[in-house]
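Topology and contacts: notes
Single-letter residue listing:
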Amino acid sequence: MDTEEKILEFMRRKDYSPLRADELCKALGGDGKFFRKLKKTLPRMARAGTIAQVKRDRYCLPDDAGLVSGRLMFRASGSAKLLPDVPADGSPTPRAVRVRAEDTGTALHGDRVVVRIEKKRRRGNFRGRYDAQDDDDLPRGSVVKILERAFASTTGTLIRSRYYWAVRPDDPRIAKDILVPDPARSPLFPQPKEGEKVVVRLNEWTRRSENPTGEIEKVLGVSHTPLAEYRAILFRYRLSPKFPDAVAAELRDVPASVSEKEIRGRLDIRNVFTITIDPDDAKDFDDALSIEHLPEGKTRVGVHIADVSRYVRPGTALDAEARARGNSTYLVGTVIPMLPHALSSGICSLVENEARLTKSIFAVFDAHGEIVSTEFANTVISSRKRLTYSQAFALMKEDDDRAIRALPAVPAHRSGYPGRALSELGDAELGELRANVRALWAIAAKLREKRMRDGALDLDMPEVKIYVDADGFAERVEQIEHDESHQLVEEFMLLANEIAARKFHQAKLPFISRVHDAPEPEKLAELREEMLDAGIKIGDLSKREEMTKLLAALKARDDAYPLRIRVLRSLKQACYRPSADGHYGLAKTYYAHFTSPIRRYADLTVHRTFDFFLQKNRLPTAPAKKVPAQTLSELAGTAAHISETERSSMEAERESAKIKLLEYFEREAQLKKKNVFEAVITDIRSIGLFVELKISQAYGLITLSSMTDDLYQIVSDGSAVVGRRSRRRYALGQTVSVTVERVDRFRRTMDFRLVPDAAEKPQRSRDAKSAGKRKRNR
């Protein structure tokens, strides 16, 4: 038993009371050497939050002192929620704790802190627009100690008042401006100017009554311009579009094309009908589908994934950098890739009519769509056609060749590889393309039907796509429909992921699983109450059939999007683990990520397991060189790391989208002739109606004070506002029409104005897609 375990075991005794280091040493029977070790161990454990330091340098367990350590997450209102640390001993994680704005001390968003739990509730409400109803039953507390700052530097806009200079943080959850010295005395060249986006290093902040102070480290550009906002995101999320010199050196050995030597030992299926289906603006292509029609009504479908592991070897600088990044990050209008361009958009990209090395999983289906057999192989393919989702959808639905050929070609500047236009294809080639796409969908549709029947949850959310102009400004917003063309690809990718995981588990090989744990019963009970409040009658949501019933019920509602967001928040976040712990959302016991090694490091590790599996089973296309085994401990460390990088990338992507939506609607607010948008009322407060635009999912407020046609009052149950004179009613879930009134780039908020005539009988308004066709107001 090590020192920390000995200390914790002793402190768990019922008769333990807080002791000083010397008293604890004596109680544990330690000598002078042990005491010196104890004096280093106790402060370290206190910083980690596993024990607490109380008055007169005494130590005890946090629970004994009413203390909880964790990560403090602020709201823009100034109040915060403590997310407790997960206990190392496996005991249940404590409940979250609410912290009033005035009780946060000098903590900043994301800091690890110690909070003292209040024994009795104080009178009065929390500050902040959401606090009145959210988490009302949670314990409350106040910050007593900061264990670790979330960041040493942050980004913001340099502002000037009459008496001082300050940086207003980009993150609205940092409520106080950061005071900085006069930039005229700055050693930077050129010197920072008012209105510029800067990086500021924070000094120690110890007194809440005073603003924090800092030093400007770097100028990023004029605030709220695309380049400055892009640089700020790169800084805050530690992203870099550039690769180290050691990686660049290794890229010199990467070939521009596949040689005959590399093809030897692989299954050559370049003559088999193979296609890729991707978004219009795809920059790389890492998955393809092939189809072969066999005797007795059978069909063989191949899922072919770019063989990135052939070029990214363990122990290389390329591999180390890919692991460090963990995944690609897709910001609006650009991507921060996991792999350099020479790989992601070059030799690993499955472009038309080029030989490419792939890892393939084949599945043979009978005439009823049931799987008869599966097979793994290292292969070489040549894609017959690069299709966009819209082109694939047309091939699935449209019988008129002229209509298909009339589809617009993908602009070369938008995609990494546009492929041949459909108008260039002859009748025979177009006919073969249509027939095979439909054959693939016939099988995929049966796979999807069976998957849903087995209890998979339909958690697909509308995707908002923001397009930028040549200068990087947001110019158009569209909602992407998850239609049958998307489902076709999705079903075969899900199938390949499951087959790989199941085979590796059966072979008792260590590999990284994609895990989605079942939700906590308390969360589901809270969700059920929320749905009942929204007028949806539902049973026990811990039963899968009730959850699927709920998701089906939401599809028919105007307010489906915000309600589905509530469903997602009640579920746990998926992560990576070196154990097959199941996937709740997909209702699968075995599941791994195999199909996107260009953009996810998890898939690259699974590809290495794939090669090890081929060698272990002495399959014909196994690599000639021995494949080193991946250890469980190595995979555990990688899984934890890439789960973190994935979360960080998701936050960066959300922030990028939020910034671009604000940028788009700021120009919208400046138009003399306003565009009208359809929105759904998602919340009603004393200040006004919170709404969400249907197309863009942009969120904002219609203040009651702006509704000047009448005096509106909230009904007793808070579900609507009613005009005193007109009795006009606006209720939760109702569709209304709005125009953009004001955008605050600093607070990241939007105010809308109701269009009253359209509100009683909402018409199909011009959506963000059509509004986006206007030219940017320069």
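Residues numbered from 1 in each chain as written. Predicted model: local features only at pLDDT ≥ 70, side-chain atom pairs only at ≥ 80, totals over all residues. Heavy atoms only, no water.

1. Section: the overall build of the chain
Note the following rule: In this description a helix means any DSSP run of H or I spanning at least four residues, a strand means any run of E spanning at least two, and both kinds are numbered starting from the N terminus. Values of the radius of gyration come from C-alpha atoms, whereas the globule rule sets the reference at 2.2 Å times the count of residues to the power 0.38. Each residue is placed in one exposure class: buried if its accessible area under a 1.4 Å probe, protein chains only, is under 20% of its type's maximum, exposed if it is over 50%, and partly exposed if it falls in between. Contacts between residues were defined by any pair of non-hydrogen atoms, one from each residue, lying within 4.5 Å. When charges are counted, neither His nor the chain ends are considered; positive counts come from Lys and Arg and negative counts from Asp and Glu. Positions of charges follow a simple convention, taking NZ of Lys, CZ of Arg, CG of Asp or CD of Glu.
Looking only at helices and strands, the chain features 19 helices and 33 strands. Over its C-alpha atoms the chain spans a radius of gyration of 29 Å, differing by no more than 12% from the 28 Å that the globule rule assigns to 778 residues. Each principal axis of the C-alpha atoms in the chain carries an extent, and together these give about 80 × 80 × 65 Å. In the chain, buried positions account for 50% of the 778 residues. A separation threshold of at least 6 residues defines the contact pool for the chain, and within that pool the share at least 24 residues apart is 67%. Charge-centre separation for the chain: the mean point of 135 positive side chains lies 4 Å from the mean point of 115 negative side chains.

2. Section: the sheet that holds strand 3 (residues 67–74)
Rule in force here: The pairing criterion for strands is at least two bridges between them, as found by DSSP. Axis lines are fitted to C-alpha atoms, over the contacting stretch for helices. Their N-to-C directions set the angle, which ranges from 0 to 180 degrees.
Here we have five strands rolled up into a closed barrel, ordered 3-4-5-7-6, and mixed in their pairing. Recorded for the sheet is a direction-independent mean angle of 50 degrees between the axes of neighbouring strands. Sheet analysis places strand 3 next to strand 4 (residues 80–84), joined by five bridges and oriented antiparallel. Residue pairing for strand 4: Gly-70 is matched across the bridge by Pro-84.

3. Points about helix 9 (residues 389–397)
The complete set of buried residues in helix 9 reads Tyr-389, Gln-391, Ala-392, Ala-394, Leu-395 and Met-396. Packing partners of the buried residues in helix 9 comprise strand 14 (274–278), strand 21 (385–388), helix 10 (401–405), helix 11 (427–453) and helix 12 (484–506).

4. Points about the pattern of salt bridges
We apply this condition: Salt bridges are counted wherever a side-chain nitrogen of Lys or Arg sits within 4 Å of a carboxyl oxygen of Asp or Glu.
The full count for this structure, using the stated rule, is 63 salt bridges. The residue Arg-20 makes a salt bridge to Asp-22 at a minimum N-O spacing of 3.3 Å. Judged by its relative accessible area of 31%, Arg-20 falls in the partly exposed class. The structure contains a network of salt bridges with shared partners spanning Asp-170, Lys-197, Glu-229, Arg-236, Glu-655 and Arg-748.

5. Examining the UniProt feature "domain: S1 motif" (unreviewed entry) in the chain
Going by this rule: UniProt positions are given in the numbering used here, feature names are shortened, and annotations may be inferred rather than shown by experiment.
Here the UniProt feature "domain: S1 motif" (unreviewed entry) sits at residues 674–755. As a span, residues 674–755 carries 0% helix and 56% strand, and end to end its C-alpha atoms are 11 Å apart.

6. Focus on the packing of aromatic side chains
Given two aromatic rings, one states the distance between the centres and the angle between the planes to describe the pair. Note the following rule: Any pair of Phe, Tyr and Trp rings, taking the six-membered ring for Trp, is counted once the centres come within 6.5 Å. Such a pair is stacked with planes under 30 degrees apart, edge-to-face with planes over 60 apart, and tilted for the rest.
Counted under the stated rule, the structure contains eleven aromatic pairs. With a centroid separation of 6.1 Å and 80 degrees between ring planes, the pair formed by Phe-376 and Phe-504 is classed as edge-to-face. Highlighted residues: Phe-376 in strand 20 (residues 371–382) and Phe-504 in helix 12, separated in sequence by 128 residues. Geometrically, the ring pair formed by Phe-376 and Phe-610 is stacked, given 5.1 Å between the ring centres and 15 degrees between the ring planes. Here Phe-376, found in strand 20, pairs with Phe-610, found in helix 16 (residues 601–616); they are 234 residues apart in sequence, far enough to count as distant. Exposure remark for Phe-376: the relative accessible area of 7% places this residue in the buried category. Taken together, the aromatic side chains of Phe-376, Phe-504, Phe-511, Phe-594, Phe-610 and Phe-613 make up a single cluster linked through ring pairs.

7. Observations concerning a negative patch on the surface
Worth spelling out the cut-off: Residues qualify for a patch when their relative accessible area is over 30% and they have no salt bridge, like charges being joined within 9 Å and the nonpolar side chains of Val, Leu, Ile, Met, Phe, Trp and Tyr within 5 Å. Only the protein chains shown count as cover for residues, and all accessible areas are computed by the Shrake-Rupley method using a 1.4 Å probe.
Taken together, Glu-520, Glu-522, Glu-526, Glu-530 and Asp-533 make up a surface patch of like negative charges. Mapping Glu-520 onto the fold places it in the loop between strand 24 (513–515) and helix 13 (521–533).

8. Let's talk about the packing of helix 1 (residues 3–11) against helix 3 (residues 32–48)
Rules: Put simply, angles under 35 degrees are roughly parallel, angles over 145 are roughly antiparallel, angles from 65 to 115 are roughly perpendicular, and the rest are oblique. Residue polarity is assigned by list, with Asp, Glu, Lys and Arg as charged and Ala, Val, Leu, Ile, Met, Phe, Trp, Tyr, Cys and Pro as nonpolar; anything else, Gly included, falls into the polar class.
At a minimum axis distance of 10 Å, the contact between helix 1 and helix 3 shows a crossing angle of 75 degrees. Judged by the angle between their axes, helix 1 and helix 3 are roughly perpendicular. On the side of helix 1, the interface is formed by Thr-3, Glu-4, Ile-7 and Leu-8, while helix 3 contributes Phe-34, Lys-37, Leu-38, Thr-41, Leu-42, Arg-44 and Met-45. Considered class by class, the residues forming the contact of helix 1 with helix 3 number six nonpolar, two polar and three charged.

9. Observations regarding the nonpolar core
Stated precisely, the cut-off is as follows: Definition used in this section: a nonpolar core is a set of buried Ala, Val, Leu, Ile, Met, Phe, Trp, Tyr and Cys residues joined via side-chain atoms within 4.5 Å.
Formed by 49 residues in total, the largest nonpolar core has its most connected members in Leu-387, Leu-488, Phe-492 and Phe-504. For this core, the secondary-structure elements that each account for two or more residues are strand 14, strand 15 (287–293), strand 16 (299–306), strand 19 (355–365), helix 9, helix 11, helix 12 and helix 16. By residue number, the principal contributor to this core is helix 12, which donates ten residues. Discounting residues that sit within four places of it in the chain, Leu-488 has contacts with Ile-277, Leu-289, Met-396, Val-437, Leu-440, Trp-441 and Ala-444.

10. Considering the pairing of strand 11 (residues 196–202)
Of all the seven residues making up strand 11, six are buried; the element is thus mostly covered by neighbouring parts of the structure. When strand 8 (residues 153–160) meets strand 11, the two strands line up antiparallel, connected through five bridges. Paired with Thr-157 across the strands is Lys-197, a residue of strand 11. Taken together, the seven bridges between strand 11 and strand 12 (residues 214–222) define a ladder with antiparallel strand orientation. Its bridge partner being in strand 12, Glu-196 is matched across the sheet by Val-222.

11. With respect to the side chain of His-486
Condition: A 3.5 Å cut-off defines polar contacts: any pair of N or O atoms within that distance qualifies, except that in protein one atom must be a possible hydrogen donor and the other a possible acceptor, and neighbouring residues in sequence count only when both atoms are side-chain atoms.
Mapped onto the fold, His-486 is located in helix 12. In terms of polar contacts, His-486 uses its side chain to reach the side chain of Asp-483, at 3.0 Å.

12. Here's the deal with the sheet that holds strand 31 (residues 729–731)
Think of a sheet as strands paired side by side through backbone hydrogen bonds, with each pair either parallel or antiparallel. Sheet architecture is open: three strands sit in the order 29-30-31, paired in antiparallel fashion. Looking at which strands have only one partner, the edges of the open sheet turn out to be strand 29 (712–714) and strand 31. Ignoring strand direction, the axes of neighbouring strands in this sheet form an average angle of 20 degrees. Taken together, the three bridges between strand 29 and strand 30 (residues 720–723) define a ladder with antiparallel strand orientation.

13. A few points about helix 13
So the rule is basically this: One fewer than the residue count of a helix, multiplied by 1.5 Å, yields its expected span. Directions from the helix axis toward the C-beta atoms define the arc.
Helix length check: helix 13 (13 residues) gives 19 Å between terminal C-alpha atoms against 18 Å at 1.5 Å per residue, within 8%. Turning to helix 13, its buried residues are Leu-524, Leu-527 and Met-531. Around the axis of helix 13, the buried residues are gathered within 55 degrees of arc, so they sit on the same side. Projecting away from the buried face of helix 13 at angles above 90 degrees are the exposed residues Glu-522 and Asp-533.

14. A few points about a positive patch on the surface
A grouping of Lys-6, Lys-33, Arg-36, Lys-37, Lys-39 and Lys-40 is seen on the molecular surface, where their side chains present a positively charged patch. Per element, the largest residue contribution to the positive patch is five residues, and it comes from helix 3. Along the chain, the position of Lys-6 falls in helix 1.

15. Some points on the packing of helix 9 against helix 11
Interhelical geometry of helix 9 versus helix 11 gives an angle of 90 degrees and a closest axis separation of 8 Å. Looking at the two axes, helix 9 sits roughly perpendicular to helix 11. Between helix 9 and helix 11, the contacting residues are Ala-392, Leu-395, Met-396 and Lys-397 on the first element and Leu-430, Leu-433, Arg-434, Val-437, Arg-438 and Trp-441 on the second. For the contact of helix 9 with helix 11, a count of residues per class yields seven nonpolar, no polar and three charged.

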